[in-house]
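# Secondary and tertiary structure notes
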Amino acid sequence: MSKTKTAETTEFPTFDASQAADQVRAFAEKGVEQSKETFAKLKTGAEEAKKAFETSYETAKTTSSDLSLKAIATLRANAEANFSHLEALVSAKSLSEVVELQTSFLRKRVETAVEQAKEFQAAASKAAEDVSKPYKTAFEKAFKDVSKAA
């Protein structure tokens, strides 16, 4: 025969308001503490991002100046070579000498242009790497911190 439970035979747990208040307080304190920790992490991340931006900006300014000076030096060297060639052409005594000067000049100009392009490309690549390095470092650090937290 099965026993049926009634309100008189069933025991209900008693509700202790002081324990509930303690649990709510502990839960709230834990939430506040987690919020403080999250805010501190966000603040640190924002400061690191600001530093990365400032460093990158200064690097961009410096490398931009360096590239500009390199471009100006290249233009000056090319202009001097062109004027020297023009002087040589004016002082040429025969058509065959003009053709020889022109052929030699064009060959040197092509070789110089290739070399200048390689140098400028290397400088531009280095500049791009230097400018992006602070961001890359900050991203890698942030990724590492997130990986540790997970």
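Computed from a prediction, not measured in an experiment: that's the story for all the values here. (Residues numbered from 1 in each chain as written. Predicted model: local features only at pLDDT ≥ 70, side-chain atom pairs only at ≥ 80, totals over all residues. Heavy atoms only, no water.)

## Quick notes on the overall build of the protein
Helix and strand counts for the protein come out as 2 helices and 0 strands. For the protein, with 150 residues in total, the buried portion stands at 9%. Sequence-distant contacts in the protein: of pairs separated by 6 or more residues, those separated by 24 or more amount to 73%. (Helix = DSSP H or I, 4+ residues; strand = E, 2+ residues; numbered from the N terminus. Buried < 20%, exposed > 50% of the residue type's maximum accessible area, 1.4 Å probe, protein only. Contact = heavy atoms within 4.5 Å.)

## A look at the pattern of salt bridges
If you walk through the whole model with that rule in mind, you get 4 salt bridges. Among the ionic pairs, K61 bridges to E58, the shortest N-O distance being 3.8 Å. Here E58 and K61 lie together in helix α1 (residues 17–90), a separation of 3 residues that amounts to about one turn. Owing to a relative accessible area of 41%, E58 belongs among the partly exposed residues under this scheme. (Salt bridge = Lys/Arg side-chain N within 4 Å of Asp/Glu carboxyl O.)

## Concerning a nonpolar patch on the surface
On the surface, F53, Y57 and Y135 cluster together to form a nonpolar patch covering roughly 350 Å² of accessible area. Structurally, the position occupied by Y57 is in helix α1. According to the relative accessible area criterion, Y57 is partly exposed, its value standing at 48%. (Patch = residues over 30% accessible without salt bridge, like charges linked within 9 Å, V, L, I, M, F, W, Y side chains within 5 Å. Areas by Shrake-Rupley, 256 points an atom, 1.4 Å probe, with all protein chains shown as cover.)

## Here we look at the side chain of H85
Mapped onto the fold, H85 is located in helix α1. With relative accessibility at 9%, the residue H85 sits in the buried group. Residue contacts for H85: discarding those within four places in its chain leaves L101, Q102 and F105.

## Re the side chain of T63
Take T63: it is sitting in helix α1. Setting aside chain neighbours within four positions, we find T63 in contact with A127 and V131.

## Points about the environment of L89
Following the sequence through the fold, L89 ends up in helix α1. Sequence-wise, L89 and L101 are 12 residues apart; in three dimensions their C-alpha atoms are separated by 7.0 Å.

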